[in-house]
Structure formats: C-alpha cells, structure tokens
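Here's the letter readout for the chains.
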Amino acid sequence: MTATLLRWTVQDYHRMIDAGLFVNRPVELLNGLVLEMAPEGPEHADLSTDTDELFVAQSRGRYRVRVAKPITIPETGSEPEPDIALVKPQAYRQGHPTPAEVYLVIEFAKSSLEKDTGEKRLAYAVAGIAEYWVVNLQKKELIVYRQPLEGDYQSEQHLTAGQISPLAFPDIQISVRALLP
C-alpha cells in the first residue's frame, strides 16, 4: 500500500481554523501541509523581541512589523507565521499580507533550521518575496537570501559581523551582531 499525502489549500486551512481544529495547537500551512511549529526557546523569544523593537523604532510609518503573524502565499498553498515580517503599512483585517505586501521576512531557527532554510526558503522564493533572513542560532550566523528567481534565491550570504540593510530600506543599518546570540 502506498501512502499519499493530502495537500490543503489556503481556503481549506482557513475553514479548519474557523472550525476550531487547531485551538491551542501551534501550526502553520506550508506547501499544502499543516505542520506543527516547534515551541520557542528563551533565546529565540528574546532575540526576536529585540529585533522587533529594533525595527519598530526605525519604521517611521514606512512599514509595519508583524511578529509571529501569518502571511498568505497562495502560489505555494502556504500560510507561514514568520517570526518577523516587515509589510506595507496598512490594515490587514480582511486578509493576511500577501507576497506583494511583504518587504522582508525573518526567522530565528534552531530546531527548525532545516525547514526554514529548505521548504520555507523555497516557498518564499516562489512567491517572489525579495528578501529572507534566517538567524541560525546553532552557528550564530545570519543567512541572507535575496534575488528570488525561478523558485529559489540566487543570492545567499552567511554573516557573523558587520552591518546589513533591508533592500527596501537601505537607510536602516542593522548590526549583524544585534541579531545573533
């Protein structure tokens, strides 16, 4: 007997949420599959809070900082909940931000590193999200993905020091060390 996975659409996923199937269960939709999210450790939680505060302080109304909130990627049947997303400054009461409204996505990864640098990277690239950062808590490095093309990012940098600026906001200088443990 061969097992076949059943892939869900974003609409199916929303109906499951509305029906209360995931109450008190941290899940996200990635490539049509409902995946349980790993719990945040203290290091992850503290660094993502610091990064949130850093970006909020520099926003000046140019973007909104969404922390652990969904973005909808219909192209891949995904609705991930990135640790941080910089999105267009508007209300999202009728639907979560879509890739056209996302400037930058950041994930802090320890136990989720393989998923974040694999499946999630490809989902964000297919969607055309211009920039994706992964804070690798295992190696204490920032992985920067840019230039999405044909289903993957064409640029990948591994940084442990220096300054970095989001592509959409080159005037914002972030110390790489401020993002790392």
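Our subject is the structure that appears above.
Reading the values: the criteria
Residues numbered from 1 in each chain as written. Predicted model: local features only at pLDDT ≥ 70, side-chain atom pairs only at ≥ 80, totals over all residues. Heavy atoms only, no water. Helix = DSSP H or I, 4+ residues; strand = E, 2+ residues; numbered from the N terminus. Expected span 1.5 Å × (residues − 1). Buried < 20%, exposed > 50% of the residue type's maximum accessible area, 1.4 Å probe, protein only. Arc of directions from axis to C-beta. Core = buried A, V, L, I, M, F, W, Y, C linked by side-chain atoms within 4.5 Å. Contact = heavy atoms within 4.5 Å.

J.: Outline helix α2 (residues 42–59), supporting the account with residue identities and numerical values.
T.: Helix length check: α2, at 18 residues, gives a terminal C-alpha distance of 26 Å against a target of 26 Å (1.5 Å per residue), a fit within 8%. Taken as a whole, α2 has its buried residues at H44, L47, S48, T51, D52, F55 and S59. Along the axis of α2, the buried positions cluster into a sector of 140°, meaning they face one direction only. Facing away from the buried surface of α2 by more than 90 degrees, the exposed residues are P42 and A57. At the exit of α2 stands R60, carrying a positive phi of roughly 45°.

J.: Describe the nonpolar core, listing the residues and the values that go with them.
T.: Within the largest apolar cluster, 22 residues are counted, with the highest numbers of intra-cluster contacts made by F55, I106, W133, V135, L142 and I164. Those elements giving two or more residues to this core turn out to be α2, β4 (84–87), β5 (102–109), β6 (131–136), β7 (141–149) and α5 (176–179). With three residues, the single largest contributor to this core is β5. When neighbours within four sequence positions are excluded, L142 is seen to be in contact with W133, V134, V135, Q157, H158, L159, I164, V176, L179 and L180. In terms of nonpolar packing, the next biggest core, distinct from the first, is built from 18 residues, V87, A109, A125 and V134 among them.

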